[in-house]
Amino acid sequence: MAAPVDAVVGRGAVEACALDEILEALKLLLSPGGSGSSSLQITKHDVLLAAFKSNLSALDSKFLMGTQWTKLKLLRDEVASKAEWTQTSEDITWSFTAQTLLLLLCLKETMIRLAADFNPGKPNPRTAEAAPALSPDTLSISQQKIVQSALQFVVTLGVCPYLIPGVGMPLRCRTEFGAVVQDVVCPDASPHTARRLYTSCRVLLDIAQHASLGSLVFCRHFGDIAAGLCQLGFCPTKRKSPTPEEEVLTEEERALSRRALRDMLDQVYQPLVVRELLVLQGGPLQQPCTDVKMQLRCRAPAWLRRLCGQLLSERLMRPNGVQAVVRGILEGAGAGAAGGSDAEVTAADWKKCDLIAKILSSCPQQCLSPESYYRLICPQILDLFHFRDKLTERQFQRVATTTFITLSRERPELAAKYLLPPVLAALHRCMDSAEIPESDMVPGTILVTEEELNRCIEDVFKVCVVGNEPLPVLLDSLLPVLRVLFSLFCFTRQSVSHLRSLCQDILLWILGKLERMKAITSLKGFAGLDKTVPSLHPQCQFRAATRGGIMITIKEATNHEDEDEALYQKVSSEQSQVEHLGDLLSHCQECGLAGDFFIFCLKELTHLAVENEAEVKAEPFSSINLLELEQKQTLLVESQEQKLLVLQLLAVLCERMSEQIFTNITQVVDFVAATLQRACINLAREAESTVQSQTLSMAMGLVAVMLGGAVQLKSSDFAVLKQLLPLLEKVSNIYPDPVIQELATDLRITISTHGAFATESVSVAAQSTLKRKDPEGKIEKQQQISHDRHTGVAQSHLEQQQNHEKSPQMGQEYNTPFIPKEDSEPSTITNKKSGSITTEQLQEVLLSAYDPQIPTRAAALRTLSQWIEQREAKALERQERLLQIFLENLEHEDTFVYLSAIQGTENQV
């Protein structure tokens, strides 16, 4: 009968017991000095044991001698009777721990009962601004401190001393008080150390079931409790016990520990779980340490490392597991909730971000297949790109970029399947090869929203430009969408857009990393020369969005009245694209891509001319029917369009590029070879022209400059120059101008002998240009396209000076080659007798003195200077005009020209 009465009394005590009584008892047990654990940190072995005994005696006396805590005593006795663990021991530290656990259980029971009996009244509408009543189980700040001290004692005395070496951080490595506790604990006394550890962990988890107490337990002691549960549930047991009567855990208790560990890991904040598991997993010491505390640390045992790796993999494969892993590693260092002040410093710690990327890109062993793993985490990796929190944005994006690159390097086939398609989905949706559903083909329908396009371009920028690793799978995936990217870049040039710089940087990065032939092919697609390169869908168009971005929509239907306007828009759009391509290539001069593309355009122009003529002469129109004639005419029109487009490209490149467009000898030789080949083709077609002759002279003069010492040539450079030998031989055999024939022959000799034997014509041309600003003659190539434009300017200027004379050559095109026809060298001119030149010859040289081509103008100035020196009658008659020409050329920017003008001025004086 006594038992039921005691039970009834106990339940009444629970109802009447107050929180203050329990917290006062805890305070008495823990800190008789009133300063918490801080007063115990300076104690040593005997003093600490005496303090524990004194506190326990004071608590028992308080329960027995007075009536103040009668209700609490009844509650404690009830809780103790239900407990299945020993509360007393010869080891005073365990007795102290057990009494602390009993009081914490009483606190939990009381808080649960108070919260259940709490019934707040309805709020008064007249005082709606008043704060709602607090639940009676709410702990104040001072009360929370008492509970935290109690939990600290329980973990320090009941968990940490019983962890085997390598599991968790030893007490000796924490504080001086922890080292003292480790020495006063008596593990040989009853109960067994495993039983003590099991009891402490199970009771702490029981206390943590209350929400308020659970936050206090897990906030500071999650790692120690997890270490204890790992040891209890997974530590391998010895096959034979040292003594038969030794107390060990049952298999059921070990299973309960394993289940409790997994339940705890699922309930706690996942980044905290990841961080503590990484600490538990530990690792070998990096360097020998002289610190005594650090020397006491042991490497985690193999079973614990495997267990933590498995648990971390499970965390990773949960929903939002990637974010949990990233936060768990980075939060303590300044990112997210746990930091903030050191966020900028941590953002520069790329090694930690790279380590996370390595973890994420490694498939766990327990995963069914790598594909299933990457299919799960790849969308989460892409989500890391889009965090807008200032404290985490830089770190998360760095992790995402590095993981993206690492996965693309190690698993390219899976990256091409699960990473790259989602990133490029917005661009693929609007390509001409895409199958757009009929429901989306309604005019005005938004095919790609502003947010989708922004996200796509930003992600590509982060992966390509920021990651800066040209992996094959990355380049191959980006190659099909380059023309769409270029079209978007051209659209951003029409107005202000934040995507302009991103698109430009992406295009420049890809063009610089691609193989040169693939880059040239892409540029052909940008210019419209290669119709096979995927482009924007004909029914799609870019439009400015409402928030300042860009979206892709379906075009509106065009009325017949607007066909002219649509045609005009099409033509102007194509022209602007060519100009934007020139601006883009102006940034590609150092890598040599601009020079290679310029040479390609020269070769393409020659090829189109020959192909067009061959098609015209292939078959007479009278022998084909109307359908074939229409098809043939269409092909001819397309060929003409290609030729005009190439000419436009060359004009834009000459205008946009600087004199540094050619970066190596190979490009210069390719340029000269293209010029010589075009000249040979024109000669075969009997289409020699003055412009062609001047261009040929300029190209061979460029070779003469290189051979004359303007650049340091090596044996490998001469191997490249030998590619010109067949073309030079052909020019020397078939070209009608003897001066060009002679120069071609001399160049062949110089190249063949690696410069050991140089003729006088080559040496003179080289010595005249050694001090020029552009030793490789990279500027002259621009003149061949803009020749016609400058011709009219030079002729009108000469007509103003010679308006009192009527010469038959004044209306002709320039016909002065690189070296004058009648006077191939100055030495030849010197040998001429006075009065040997004619008015026509003088008029021709005067006209050449205004030629935009530098070699032609300089040669004319030297010829006039020689005539003045020889006292030629025709030259002396026009001495004032010649002096004016020399003075005008003194201000020329080219050294080759103004030095010739100086010589002419001195001869006149």
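1. Remarks on the overall build of the chain
Each helix and strand counted, the chain has 41 helices and three strands in total. For the chain, buried positions account for 49% of its 909 residues. Excluding contacts between residues fewer than 6 apart, the proportion of contacts in the chain whose partners are at least 24 apart in sequence is 75%.

2. Thoughts on the pattern of salt bridges
Applying the stated rule across the entire model yields 24 salt bridges. Notably, a salt bridge pairs Arg-315 with Asp-266, separated by 3.1 Å at the nearest N-O pair. You can see Arg-315 sitting in helix H13 (residues 302-316) and its partner Asp-266 sitting in helix H10 (residues 251-267), a full 49 residues away along the chain. A relative accessible area of 4% means that Arg-315 is categorised as buried. A residue is classified by how much of its surface remains accessible, and Asp-266, at 37% relative accessible area, is partly exposed. Asp-266 serves as the salt-bridge partner of Arg-318, at 3.1 Å between the closest nitrogen and oxygen. Of the two residues, Arg-318 sits in the loop between H13 and helix H14 (321-330) while Asp-266 sits in helix H10, which places them 52 residues apart along the sequence. Salt bridges sharing common partners tie together Arg-262, Asp-266, Glu-314, Arg-315 and Arg-318.

3. So, the packing of H14 against helix H18 (residues 393-410)
Running from amino to carboxyl end, H14 crosses H18 at an angle of 125°, the nearest separation of the two axes being 11 Å. Overall, the two elements H14 and H18 adopt an arrangement that is oblique. Two packed elements cross with a definite hand, and for H14 against H18 that hand is right-handed. The residues of H18 that touch H14, namely those facing Gln-323, Val-326, Arg-327 and Leu-330, are Gln-395, Phe-396 and Val-399. The residue makeup of the contact of H14 with H18, split by class, is four nonpolar, two polar and one charged.

4. Comments concerning the sheet that holds strand E2 (residues 540-544)
Across the sheet, three strands lie side by side as E1-E3-E2; this open sheet has antiparallel pairing. Only two strands of the sheet have a single partner each, and these edge strands are strand E1 (446-448) and E2. Direction aside, neighbouring strands of the sheet carry axes that sit 45° apart on average. Set on the sheet, helix H23 (residues 482-492) makes contact with E2 and strand E3 (550-554); between it and E2 the angle comes to about 35°.

5. Here's the deal with a nonpolar patch on the surface
Where nonpolar side chains cluster on the molecular surface, the patch consists of Leu-883, Leu-887, Leu-890, Leu-899 and Ile-902 and spans about 360 Å² of accessible area. Within the secondary structure, Ile-902 sits in helix H41 (residues 895-908).

6. Description of the environment of Pro-236
Here Pro-236 is to be found in the loop between helix H9 (211-234) and H10. Of the residues examined, Pro-236 reaches a relative accessible area of 54% and is grouped as exposed. Sequence separation of Pro-236 and Trp-303 is 67 residues, and the distance between their C-alpha atoms is 7.9 Å.

7. Some words on the environment of Lys-513
Inspection of the secondary structure puts Lys-513 in helix H24 (residues 499-513). Overall, Lys-513 belongs to the partly exposed group, its relative accessible area being 35%. Once the C-alpha coordinates of Lys-513 and Pro-472 are considered, the two residues, 41 residues apart in sequence, prove to be 9.9 Å apart. In this view, Lys-513 contacts Asn-468, Pro-470 and Leu-475; residues no more than four positions away in its chain are not counted.

8. Considering the state of the cysteines
Taken as a whole and assessed by the stated rule, the structure comprises zero disulfides. For the unlinked cysteine Cys-591, the closest cysteine sulfur is that of Cys-588, found at 4.9 Å.

9. Describing unusual backbone geometry
Glycine aside, negative phi is the norm for most residues, and most peptide bonds take the trans geometry. Each neighbour pair has its own omega, and for Ser-190 with Pro-191 the value is 0°, a cis peptide bond. Assignment of secondary structure puts Pro-191 in the loop between helix H7 (176-184) and helix H8 (193-207). Unlike most non-glycine residues, Asn-320 shows phi in positive territory, near 60°. A positive phi angle, near 55°, is found at Asn-468, a position not held by glycine. Note on placement: Asn-468 falls in the loop between helix H21 (450-466) and helix H22 (472-478).

10. Focus: the packing of aromatic side chains
Inspection of the entire model under this criterion finds 14 aromatic pairs. Clustering of aromatic rings is evident, with ring pairs tying together Phe-52, Phe-96 and Phe-153.

11. Quick word on the nonpolar core
Met-264, Leu-585 and Phe-597 are the most contacted members of the largest nonpolar core, which has 230 residues in total. Beyond its immediate chain neighbours, meaning those up to four positions away, Leu-585 contacts Leu-523, Leu-593, Ala-594, Phe-597, Leu-653 and Met-657. Within the second largest apolar cluster, 20 residues are counted, among which are Val-845, Trp-867, Ala-875 and Phe-886.

12. Brief notes about H23
For H23, the tally of buried residues reaches 11 of 11 residues, placing the bulk of the element in the interior. All of the buried residues along H23 are Leu-482, Arg-483, Val-484, Leu-485, Phe-486, Ser-487, Leu-488, Phe-489, Cys-490, Phe-491 and Thr-492.

13. Regarding the pairing of E3
Residues in a regular strand point their side chains to alternate faces of the sheet. For E3, the buried fraction is high: five of the five residues fall into the buried class. As paired elements, E1 and E3 share two bridges and run antiparallel to each other. Across the sheet, residue Ile-446 finds its bridge partner in E3, namely Thr-553. Both E2 and E3 contribute to a ladder of five bridges, which runs antiparallel. Paired with Phe-542 across the bridge in E3 is Ile-552.

14. Quick look at the confidence of the model for the chain
Confidence in the prediction for the chain averages 78 pLDDT; 79% of positions are at 70 or higher. Taken together, the stretch residues 333-341 has pLDDT below 50 and engages in 21 contacts with residues farther than four places along the chain or on a different chain. Low pLDDT, under 50, characterises residues 769-835; the predicted model gives this stretch 159 contacts beyond four residues in sequence or across chains.

15. Description of the packing of helix H32 (residues 725-734) against helix H33 (residues 738-752)
Their axes nearest at 8 Å, the elements H32 and H33 cross at an angle of 150°. Judged by the angle between their axes, H32 and H33 are roughly antiparallel. Crossing geometry of H32 relative to H33 is assigned as left-handed. Facing Leu-725, Leu-728, Glu-729, Val-731 and Ser-732 of H32, the residues of H33 in contact are Ile-740, Gln-741, Ala-744, Thr-745, Leu-747, Arg-748, Ile-751 and Ser-752. The residue makeup of the contact of H32 with H33, split by class, is seven nonpolar, four polar and two charged.

How each quantity is defined
Residues numbered from 1 in each chain as written. Predicted model: local features only at pLDDT ≥ 70, side-chain atom pairs only at ≥ 80, totals over all residues. Heavy atoms only, no water. Helix = DSSP H or I, 4+ residues; strand = E, 2+ residues; numbered from the N terminus. Buried < 20%, exposed > 50% of the residue type's maximum accessible area, 1.4 Å probe, protein only. Contact = heavy atoms within 4.5 Å. Salt bridge = Lys/Arg side-chain N within 4 Å of Asp/Glu carboxyl O. Axes fitted to C-alpha atoms, helices over the stretch in contact; angles between N-to-C directions. Parallel < 35°, antiparallel > 145°, perpendicular 65-115°, else oblique. Left-handed = near helix turned anticlockwise from the far one by under 90°. Nonpolar A, V, L, I, M, F, W, Y, C, P; charged D, E, K, R; others polar. Pairing = 2+ DSSP bridges. Patch = residues over 30% accessible without salt bridge, like charges linked within 9 Å, V, L, I, M, F, W, Y side chains within 5 Å. Areas by Shrake-Rupley, 256 points an atom, 1.4 Å probe, with all protein chains shown as cover. Disulfide = S-S within 2.5 Å. Phe/Tyr/Trp six-rings, centres within 6.5 Å; stacked < 30°, edge-to-face > 60°. Core = buried A, V, L, I, M, F, W, Y, C linked by side-chain atoms within 4.5 Å. pLDDT = per-residue confidence, 0-100.

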